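Now for the letters of each chain:
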Amino acid sequence: MKARSNTAFAKRLRYSTAVLALVAMGIPAAHAQDEAQTAQVDLEQIVVTGTRIVRDGFEAPTPVSVLSTEQLNAMGTINIIDAVNRMPVLLGTITTKNSSAADMTGGIQNLNLRGLTPQRTLVLLDGKRLVGSTLQGFDQNNSAVDVNVLPNGLISRVDVVTGGASAVYGSDALAGVVNFVIDKEFTGVKGEAIGGITTYGDGEQYKVSLTAGLPFANGRGHFLVSGEHSYDHGIGTRPTPHAGRITLHGRAERPWYQSNSNLIPNPAYTAGGGAPQYISVDNVGLTLATRGGLITTGPLRGTQFEAEGRPVPFIFGPVSGGLLMSGGDWQSSRIDLDPMMQTRLLRANAFIRASYDVTENATVFAEYLWAHTHATSISGVPTFNLANISVKVDNAFLPASLKAVMDAAGETSFVLGTNNIDAPPFGARNTRHLRRYLIGAEGNFDAMDANWTWDAYYERSTTHASVRIPGDQIKANYQEAADSVLDPATGRIVCRSTLTNPGNGCVPYNVMGIGVNTQEAINYTTGTGYGLILLSQDVVAATAAGEPFTTWAGPVSVAFGVEHRKESIGGFSSALDQARAYFAGNFTQSKGSFNVTEGFIETVVPLAKDQDWARALDLNAAVRATSYSTAGYVTTWKVGATYSPIDDFTLRATQSRDIRAPTLGDLFSSGRSGTGNVFDPTRGGAPATIVTRIQGNKLLKSERANSTGVGIVLQPSALPGFGASVDFFNVKIKGAITSLAAQQYVDRCFAGETALCSAIERTDGIITFVAVQPANVLFQKLRGFDFEASYNFPLSDLVSSWEGDLSLRGMASYIMKLETADDKFSVDGAGVNADSGGGLSIGSTVFTPSFRYIINATYTNDPFRATLTARGIGSGVYNNDAIECTSTCPASIPAGKVTIDNNDISSILYFDLALNYQILDGGAEVFFVTDNLLNKGPPRIAGRADSGFYNGNGWLDFYDAIGRTFRAGVRFTM
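Residues numbered from 1 in each chain as written. Predicted model: local features only at pLDDT ≥ 70, side-chain atom pairs only at ≥ 80, totals over all residues. Heavy atoms only, no water.

## Some thoughts on the sheet that holds strand E17 (residues 319–321)
The pairing of strands in a sheet happens through backbone hydrogen bonds and is either parallel or antiparallel.
So, step 1. With antiparallel pairing, the three strands of this open sheet are ordered in space as E13-E18-E17. Strand pairing shows two members of the sheet lacking a second neighbour, strand E13 (284–286) and E17, which therefore form its edges. The sheet shows a mean angle of 25 degrees between the axes of neighbouring strands, taken without regard to direction.
So, step 2. Pairing of E17 with strand E18 (residues 324–326), which is carried by three bridges, proceeds in the antiparallel orientation. In the strand pairing of E18, Gly321 is matched with Leu324. (Pairing = 2+ DSSP bridges. Helix = DSSP H or I, 4+ residues; strand = E, 2+ residues; numbered from the N terminus. Axes fitted to C-alpha atoms, helices over the stretch in contact; angles between N-to-C directions.)

See below:
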């Protein structure tokens, strides 16, 4: 998997990190994208991922971007992953800013190349696989690697292969490979201490790490040890009642959260055209619930309850779209300020490696990696009851004044909605332990008049992941406790059920008011959901590479290998979870395993060298045979070529067949249930609170993709230090695995797809449960361009008296099309800058900005170094199938289209500044970093309203909603 680099190869690869530094400087802010920060890389001293062949003079036809230690250090991040995530090719990565609170993804960071989902990005540690991080995600099964476990202190660089690489590396490399390379030869001691905080005084974080490398046995052996501990306090907490007041933290302190925005169904819309179907509005709150409760029916409709159960009028906004409204008393019913902006995360890991040269040609080695993470997060929604509580006139907590109104009107009950602010903060506590053991050997031997290198290893790794959901509503207990009356015999307030079953232990719960419930009532109506999974992975692999013969143009390289892997899952959950008794979570026990055996061969054949028509022409090809015990047999392959007609110019091209096999979660998940809302078209679009369960499908087959890449690399000899590359990519995926959303089951059943109706359960005509299951039903297309450029030169080249060097580097990714389709619909997600709805989506429809970029300018004059970074995201839309109109919308709308009053999302540009200064004769370095230097908020983005709930503003996936952040620290090497 390595490529030995000589000067020509290193120059080409360095220059292929290029054209954007100059090109992107001319790109306006209206076309922007987010990438990784960099300085100059000495690529002549490294070998890079992209092929398993080690070969002088070979340049891989598949583009590879490299982040060196110097570049990673310049960003001064608490976690190396935060630096890698800035690369434009990583889109929609799961981070602590957007991982769900009520499932097993809390605190996870999964890399996502090109926005094709983390399951299609293969993450390697020094070229070897890692076990997955979890089984279940909020909207899909997820068995991707949690990169929080990586030993930051030993990572020397990160290689990102932006192209299909299944034939070389196996399944999951459909979108590409991210390889974290360890400095296995490090000798000495180094450490780092860093701390940070936001400009708003929250988000406190720190990290300390220490690494040591020691040779022994007269240099025949080498011992490495590295340890790290980091803590991120997170940002924001659930608002809590205190003395009748609500205290908010995090979002409420950011100016861009003061007025939320949402897309809502337009109440003025009619089928005859004119008004749009969706409108974007500000100052949005719920119409069906408030924090302390809201009456939604009868003569008391519009009465809300505040501190100590005091009833006051609730003013509905003048613009109402069913679940949501704009204006009126929106502040008392909004909930978008409740969730944490960033998950609280404690992270620790330890890595040990020992190697020993048993002969001059053979080395044995062993590794151990231990990692622990603990994440605490608060849910994006409260424990809501949206207009589904029936309060009878004899409820013991009903104020006398309201009872009198009901008696006068002859009403016996009303419907109430509440966000249960008295209940404890609803969220999740995720704990994970990873243990990875690896033993192996490597070396070289002579055969067939050539020297061959080889390596073999056995690896076992496990992830022990548990999730607890404190404050999770026990639905049956809540319903019993909310129906409270006066005991005619004692005059005490009791549950109605206690009158007929005195020993049932029910504790009355008041749904009308803030700060009105006892701890006993809260304890009875809530509990702690619990789920545990154990993922394990066993790998046995061996590879060899050499140059067995030579053609007229040079030696032919060959690499081949075999691998056998077994992955399994086991789990446990509480009895209440298995009974679907909770509001959310409802974890179940999953069990299953699969194994895969595969073999590959790869070759590089030079076809021309130093000819008049070609300075170099190389052919690269690979084929892999793979047999899954579950998904069956599949063959993957790759053919690529590089052609340099002159020294300054190289063409490269690849064509490959890639796969993504179904994960443990896809296959064996027995289901994770949660509570949500759907709109029921059979009841006029009325909302229904439902339980939904995502479960596995053992009949799934592998996704198959055809990937094409064509690029050019420029390295003009007339401009030393400059290089650039532009690469076109085109990916077509067949049989993509997805699970439809619960709302899609309901809508498409109503539209006549009767096969989906069996997943829907009703009670008294009202939807109560939807079961969803993944299937190979989608077709996806991805097409676009990647740009990279660098220019490194001494400033004395400009003015002889100027000192220091200037390094420029830029990267960008432009996505032309990102289509998701099935036999009914097609959705283009390219340029959709927020998953905010309006119209149709299909299963795991992928949305991503069309254009993201990053440009770094680094000035170095020892002992001082300064790096200014510009990173941005281009303008976009809410929906590519939306027709923008305000008052003259068409009367006839094509199928799959919607009308909307504002379909535009503006571009954004952020600046970061890093300052580094060497002390103690270069043995140590102090640094100061400011991210989002100008404290720029995200663009106005209306949250989603068509999914049954709303999220205020859909900013967290792509934009910086936290604001200016400061970090400072010191690192040393001795």
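## Considering the nonpolar core
So, step 1. Leu72, Leu111, Leu150, Val158 and Phe180 are the most contacted members of the largest nonpolar core, which has 87 residues in total.
So, step 2. It is strand E36 (residues 722–738) that contributes the most residues to this core, five residues altogether.
So, step 3. Apart from the residues lying within four places of it in its own chain, the contact partners of Phe180 are Ile81, Val84, Leu111, Val123, Leu124, Leu125, Asp126, Val147, Leu150, Ile155, Arg157 and Val158.
So, step 4. Among the nonpolar cores identified, the runner-up in size contains 23 residues, and Leu300, Ala482, Cys506 and Tyr524 belong to it. (Core = buried A, V, L, I, M, F, W, Y, C linked by side-chain atoms within 4.5 Å. Buried < 20%, exposed > 50% of the residue type's maximum accessible area, 1.4 Å probe, protein only. Contact = heavy atoms within 4.5 Å.)

## Regarding the sheet that holds strand E2 (residues 121–125)
So, step 1. Pairing within the open sheet is mixed, and its five strands lie in the order E1-E4-E5-E2-E3. The open sheet is flanked by strand E1 (64–68) and strand E3 (128–129), the only strands paired with a single partner.
So, step 2. The pairing of E2 with E3 spans two bridges and is classified as antiparallel. Bridge pairing links Leu124 to Arg129 in E3.

## Considering the pattern of salt bridges
So, step 1. Summed over all chains, the structure comprises 40 salt bridges.
So, step 2. The salt bridge involving Arg114 is made with Asp786; its shortest N-O contact spans 2.7 Å. Of the two residues, Arg114 sits in the loop between helix H4 (80–84) and E2 while Asp786 sits in strand E39 (residues 775–794), which places them 672 residues apart along the sequence. In terms of burial, Arg114 and Asp786 fall into one category: buried.
So, step 3. For Arg624, the salt bridge is made with Glu598, and the minimal N-O distance between the two is 3.1 Å. Separated by 26 residues along the polypeptide, Arg624 in strand E30 (residues 616–628) and Glu598 in strand E29 (residues 592–609) bring together distant segments of the chain. Glu598 shares its class with Arg624; the two are buried.
So, step 4. Counted as one network, the salt bridges with shared partners bring together Arg129, Asp172, Glu563, Arg565, Glu567, Glu598 and Arg624. (Salt bridge = Lys/Arg side-chain N within 4 Å of Asp/Glu carboxyl O.)

## A word on the state of the cysteines
So, step 1. For the coordinates displayed, the defined rule picks out three disulfides.
So, step 2. Note on cysteine connectivity: Cys749 is disulfide-linked to Cys757, with sulfurs 2.0 Å apart. As the torsion about the S-S bond is roughly 105 degrees, the Cys749-Cys757 disulfide counts as right-handed.
So, step 3. Accessibility expressed as a relative area gives 19% for Cys749, which makes it buried.
So, step 4. Here Cys885 engages in a disulfide with Cys889; their sulfurs sit 1.9 Å apart. The sign of the 105 degrees torsion about the S-S bond sets the Cys885-Cys889 disulfide as right-handed.
So, step 5. Ordinal numbering of bonded cysteines along the protein defines a disulfide pattern of 1-2, 3-4, 5-6. (Disulfide = S-S within 2.5 Å.)

## Quick look at the confidence of the model for the protein
So, step 1. When pLDDT is averaged along the protein, the result is 85; 88% of the residues meet or exceed 70.
So, step 2. Confidence drops under pLDDT 50 across residues 239–247; counting only partners more than four residues distant or on other chains, this segment forms 16 contacts. (pLDDT = per-residue confidence, 0-100.)

## Here's the deal with helix H8 (residues 475–482)
So, step 1. All buried positions along H8 are accounted for by Asn477, Tyr478, Ala481 and Ala482. Each buried residue of H8 sits inside an arc of 125 degrees when the element is viewed along its axis, so together they form one side.
So, step 2. At its buried positions, H8 is contacted by strand E21 (385–392), strand E22 (413–418), strand E24 (450–473), strand E25 (484–486), strand E26 (493–495) and helix H10 (519–525). (Arc of directions from axis to C-beta.)

## Some words on the packing of aromatic side chains
So, step 1. Applying the stated rule across the entire model yields 18 aromatic pairs.
So, step 2. Note on Phe851 and Tyr853: the rings are 6.1 Å apart at their centroids and 45 degrees apart in plane angle, and the pair reads as tilted.
So, step 3. The class for Tyr853 is buried, based on a relative accessible area of 4%.
So, step 4. Stacked on the ring of Tyr457, the Lys or Arg Lys128 has its end atom at 5.0 Å from the ring centre.
So, step 5. A cation over a ring is seen here: Arg971 above Phe927, with NZ or CZ 4.0 Å from the ring centre. (Phe/Tyr/Trp six-rings, centres within 6.5 Å; stacked < 30°, edge-to-face > 60°. Lys NZ or Arg CZ within 6 Å of the ring centre and 35° of its normal.)

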